[in-house]
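Structural overview
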Amino acid sequence: MSASPFDDFIRDDAEVVELLGREWARQTSTLQLIASENFASPAVMAATGSILTNKYAEGYPGRRYYGGNQVVDEIEDLARRRLTALFGADHANVQPHSGANANVAVYQALLNPGDTVLAMRLDQGGHLTHGSPASITSKFWNFVSYGVTPRNDDPASPGEHIDFENVRALALEHRPTLIVAGATAYSRFIDPAAFREIADEVGALLMFDSAHVAGLIAGGSHPNPVPYADVVTFTTHKTLRGPRGGAILCREEHAKKVDSAVFPGQQGGPLEHVVAAKAVAFKEAAQPAFARYTAQIVANARAFATALANEGFRPVSGGTDNHMVIADLRDFDAELTGKVAQEVLDRAGITTNRNQIPDDPRSPFITSGLRVGTAAETTAGMGEGEFAQIAALMARVLRHRDDENVIEDVRAQVATLCAGFNPYARFTS
Ligand code: DSN
C-alpha cells in the first residue's frame with residue numbers, strides 16, 4: 001500500500017523497513033481489541049505522512065509567528081470548520097497533540113491554581129488527567145473524585161453506573177469551579193444533561209472528556225455533550241478513527257482562553273500534518289457510512305459482552321452501551337489477574353489491556369480486569385458472530401493458559417480469522 005509519493009525512499013533504511021513490516025504483520029494477523037485503538041484510513045495516514053510536517057506555524061490561522069503559512073492557514077481552518085459542523089459546536093481548537101494535552105489546556109484556560117475540580121476517579125473508570133495522584137493535574141488543582149454505584153448483579157438495576165447522587169453530594173459539599181464528565185474505562189452512556197444540571201446547581205463549569213466516545217457521538221451512537229458542556233475534549237484516534245492527536249470544542253465565550261492555553265500555554269508549533277489528517281478524518285466521520293460503522297461498533301460490543309458473560313466473565317455494570325467491555329476476571333477464575341490474562345492473550349494473538357475494575361483489590365499494575373473494545377476490528381469488517389467467536393477463543397486460552405499447545409492452536413485460529421478481515425485489503429489488492 002502506498003501512503004505517500006515518498007514511500008519508496010524509506011526502502012533505504014532497512015532497519016526501519018524491517019520493523020514496519022513486523023508491525024504490519026502484527027496488526028493484520030492478530031486481533032486488535034484495545035478500546036483506544038483503531039485502523040486509520042490510508043487517506044488519514046497519507047495526510048499524516050505529508051510535506052506539512054516541514055512547516056512551523058506557531059499561532060493560529062491569520063495570526064502566525066512565522067511566514068509562509070498561507071496554505072497551512074487554509075488547512076487548519078478547514079479542519080476547524082469540519083469539526084464544528086460535525087459536533088454542532090461554536091469553536092474548535094485542533095492543535096492539541098493528545099487528549100491529555102487537551103485536558104490540561106482546558107484546566108489552564110478555565111481554572112486558577114488550587115481551584116477545585118470534581119472528576120471521576122481513575123480506578124472507577126476516569127483518566128490520569130482527571131486528578132490522579134500520579135498526574136501533574138493533581139499538583140496544580142484540588143481534585144475531588146466521584147465514582148460508580150456498588151456492584152449489584154440484579155439485571156433490573158445493575159450497579160457500577162455513575163453515582164449521580166454521589167456526584168451531586170460532592171458538588172454541593174466542595175463547590176467545584178469545574179466538573180469533569182467522561183471516562184476511559186466505563187461502558188455506559190454518560191448523560192451530559194445530568195451533569196449539566198448538577199453543574200448549574202452549584203455554579204460550576206462543565207467539561208466533557210469524550211476521548212473514547214467521540215466517534216460514537218459523531219456517528220449518532222452516543223448522546224452529544226456539546227449542547228450541555230462548556231468545553232468538550234477528545235482524542236482523534238480512538239472511535240473517531242483519525243490520526244493520533246487531540247482536539248477541543250468550546251462555547252464562544254471560552255474560545256480565546258482555550259486557544260491561548262493550547263498555544264502558547266501548553267504547546268509550541270502545531271503538527272499541521274496531523275491537523276490535515278484530522279480534517280480528513282472529520283470529513284470521513286460526517287459520511288452516512290460512518291454512522292452505520294458506529295452503530296455496528298455498539299452492536300458488536302453488546303454481542304461481545306453477552307458472549308463473554310456466557311463464558312463466565314462478568315461484564316462490569318452488566319453490559320455495555322458503547323464500544324468497550326470491562327471484564328471482571330474474578331468470576332471466571334479467582335486466581336487469574338489482568339496482567340496474566342493480557343500476557344497469555346498476547347501470546348495467543350489477542351491484543352487487550354489489563355484494567356482495574358471498580359474497587360479493585362489488586363494494584364493498577366496487576367488488576368482484576370481486562371478492557372476490550374470493538375472499534376478496530378469493526379473497521380476491519382467483523383460482526384457479532386466474529387466477536388462471539390473471539391469470546392470463546394479468549395475463554396479457551398485463559399482456561400488452558402499453561403498449555404502451550406492450546407496457546408498455539410488459538411493463535412493459529414486467530415490468524416485464520418484475521419486473514420479474512422484485513423482492514424487494508426481493499427486498498428492493497
Ligand atoms: N487512557 C488511555 C486509554 O484509554 O487507552 C488513553 O490515555
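Our subject is the structure that appears above.
So, a few notes on the structure that sits alongside this text. Only a predicted model underlies this, so the values are computations on that prediction, with no experimental measurement involved.

What counts and how
Residues numbered from 1 in each chain as written. Predicted model: local features only at pLDDT ≥ 70, side-chain atom pairs only at ≥ 80, totals over all residues. Heavy atoms only, no water. Helix = DSSP H or I, 4+ residues; strand = E, 2+ residues; numbered from the N terminus. Rg over C-alpha atoms; globule rule 2.2 N^0.38 Å. Contact = heavy atoms within 4.5 Å. Areas by Shrake-Rupley, 256 points an atom, 1.4 Å probe, with all protein chains shown as cover. Lys, Arg positive; Asp, Glu negative; His and termini not counted. Charge placed at Lys NZ, Arg CZ, Asp CG, Glu CD. Axes fitted to C-alpha atoms, helices over the stretch in contact; angles between N-to-C directions. Parallel < 35°, antiparallel > 145°, perpendicular 65-115°, else oblique. Left-handed = near helix turned anticlockwise from the far one by under 90°. Nonpolar A, V, L, I, M, F, W, Y, C, P; charged D, E, K, R; others polar. Pairing = 2+ DSSP bridges. Near = heavy atom within 4 Å. Polar contact = N/O pair within 3.5 Å; in protein donor to acceptor, adjacent residues only side chain to side chain. Buried < 20%, exposed > 50% of the residue type's maximum accessible area, 1.4 Å probe, protein only. Phe/Tyr/Trp six-rings, centres within 6.5 Å; stacked < 30°, edge-to-face > 60°. Patch = residues over 30% accessible without salt bridge, like charges linked within 9 Å, V, L, I, M, F, W, Y side chains within 5 Å. Salt bridge = Lys/Arg side-chain N within 4 Å of Asp/Glu carboxyl O.

If you tally the helices and strands in the protein chain, you get 16 helices and 15 strands. Here the protein chain has a C-alpha radius of gyration of 22 Å; the compact-globule value for 429 residues is 22 Å, and the two agree. C-alpha atoms of the protein chain, sized along the principal axes, occupy 60 × 60 × 35 Å. Long-range pairs, those at least 24 residues apart, make up 71% of the contacts in the protein chain with a sequence separation of at least 6. Surface summary for the protein chain: the accessible area is close to 17,900 Å², and the carbon and sulfur share equals 52%. In the protein chain, the 38 positive side-chain charges and the 51 negative ones have mean positions that sit 3 Å from each other.

This brings us to the packing of helix 4 (residues 99-110) against helix 9 (residues 252-266). Contact geometry of helix 4 with helix 9 gives a least axis separation of 8 Å together with a crossing angle of 120°. Taken together, helix 4 and helix 9 sit at an angle that is classed as oblique. Seen along the crossing, helix 4 lies across helix 9 with a hand that is right-handed. Contacts between helix 4 and helix 9 involve Val-104, Ala-105, Gln-108, Ala-109 and Leu-110 from the first element and His-254, Lys-257, Val-258, Ala-261, Val-262, Gly-265 and Gln-266 from the second. Tallied by class, residues from the contact of helix 4 with helix 9 come to seven nonpolar, four polar and one charged.

The next thing to look at is the sheet that holds strand 7 (residues 178-181). The seven strands lie next to each other as 4-10-9-8-7-5-6, forming an open sheet whose pairing is mixed. Pairing within the sheet leaves two strands with one partner each, and these edge strands are strand 4 (91-93) and strand 6 (142-146). Adjacent strand axes in the sheet meet at a mean angle of 20°, parallel and antiparallel pairs treated alike. Here strand 5 (residues 116-120) pairs with strand 7 via two bridges, running parallel. Of the residues in strand 7, the one forming a bridge with Leu-118 is Ile-179. Contacting strand 6, strand 7, strand 8 (205-209), strand 9 (231-235) and strand 10 (246-250), helix 4 crosses the sheet at an angle of about 160° to strand 9.

Moving on, we come to the site of the ligand. Neighbouring the ligand are Ser-36, His-127, Thr-184, His-212, Lys-238 and Arg-371. In the environment of the ligand, an oxygen atom lies 2.6 Å from a nitrogen or oxygen atom belonging to the side chain of Ser-36. Within the side chain of Arg-371, a nitrogen or oxygen atom sits 2.8 Å from an oxygen atom of the ligand. Relative to its unbound accessible area of 230 Å², the ligand is 65% covered by the protein chains. When its residues are assigned to classes, the shell around the ligand shows no nonpolar, four polar and two charged.

The next point concerns the environment of Phe-427. Here Phe-427 lies in helix 16 (residues 425-428). A residue is classified by how much of its surface remains accessible, and Phe-427, at 36% relative accessible area, is partly exposed. C-alpha of Phe-427 to C-alpha of Ser-41: the two residues are 386 residues apart in sequence and 9.4 Å apart in space.

Geometrically, the link from Phe-263 to Pro-264 is a cis peptide bond, its omega value of 10° lying close to zero. The topology assignment puts Pro-264 in helix 9. Phi at Glu-160 takes a positive value of approximately 60°, unusual for a residue other than glycine. Turning to its location among the elements, Glu-160 is positioned in the loop between strand 6 and helix 6 (164-174). Take Glu-160: its relative accessible area is 6%, and that puts it in the buried class. One non-glycine residue, Ser-317, adopts positive backbone phi at about 75°. Within the secondary structure layout, Ser-317 lies in the loop between strand 11 (314-315) and strand 12 (324-328).

Let us now look at the environment of Ser-363. Tracing the chain through its elements places Ser-363 in the loop between strand 14 (353-355) and strand 15 (369-373). C-alpha separation for the pair Ser-363 and Ala-327, spaced 36 residues apart in sequence, amounts to 16 Å.

Relative to the helices and strands, Ser-41 is located in the loop between strand 1 (31-32) and helix 2 (42-48). Here Ser-41 falls in the buried class, since its relative accessible area comes to 15%. There is a polar contact of 2.7 Å between the side chain of Ser-41 and the side chain of Glu-284.

In this section: the packing of aromatic side chains. Tallied over the entire structure, the rule returns 13 aromatic pairs. Between the aromatic rings of Phe-313 and Phe-332, the centroid separation amounts to 4.1 Å while the plane-to-plane angle is 5°, which identifies the pairing as stacked. Separated by 19 residues along the polypeptide, Phe-313 in the loop between helix 11 (288-310) and strand 11 and Phe-332 in the loop between strand 12 and helix 12 (338-347) bring together distant segments of the chain. Taken together, the ring pairs in this structure connect Tyr-107, Phe-140, Trp-141 and Phe-143 into an aromatic cluster.

The grouping of Ile-10, Val-16 and Leu-20 at the surface amounts to a nonpolar patch, some 220 Å² of accessible area in total. Examined against the element boundaries, Leu-20 turns out to sit in helix 1 (residues 14-29).

What follows is about the pattern of salt bridges. As a working rule, side chains carrying opposite charge can pair if their charged atoms are close by. In the structure shown here, the tally under the stated rule is 25 salt bridges. In this structure, Arg-196 engages Asp-230 in a salt bridge whose closest nitrogen and oxygen atoms are separated by 3.0 Å. Of the two residues, Arg-196 is situated in helix 7 (residues 192-202) and Asp-230 in the loop between helix 8 (214-218) and strand 9; the sequence distance between them amounts to 34 residues. Arg-196 gets classed as buried once you look at its relative accessible area, which sits at 12%. The class of Asp-230 is buried, set by a relative accessible area of 5%. One salt bridge connects Arg-251 with Asp-230, and the closest N-O pair in it is separated by 3.8 Å. One end of the pair, Arg-251, is in the loop between strand 10 and helix 9; the other, Asp-230, is in the loop between helix 8 and strand 9, and 21 residues separate them in sequence. Overall, Arg-251 belongs to the partly exposed group, its relative accessible area being 24%. Salt bridges here are not isolated pairs; linked through shared partners, they connect Arg-151, Asp-153, Glu-160, Arg-314, Asp-328, Arg-330 and Asp-331.

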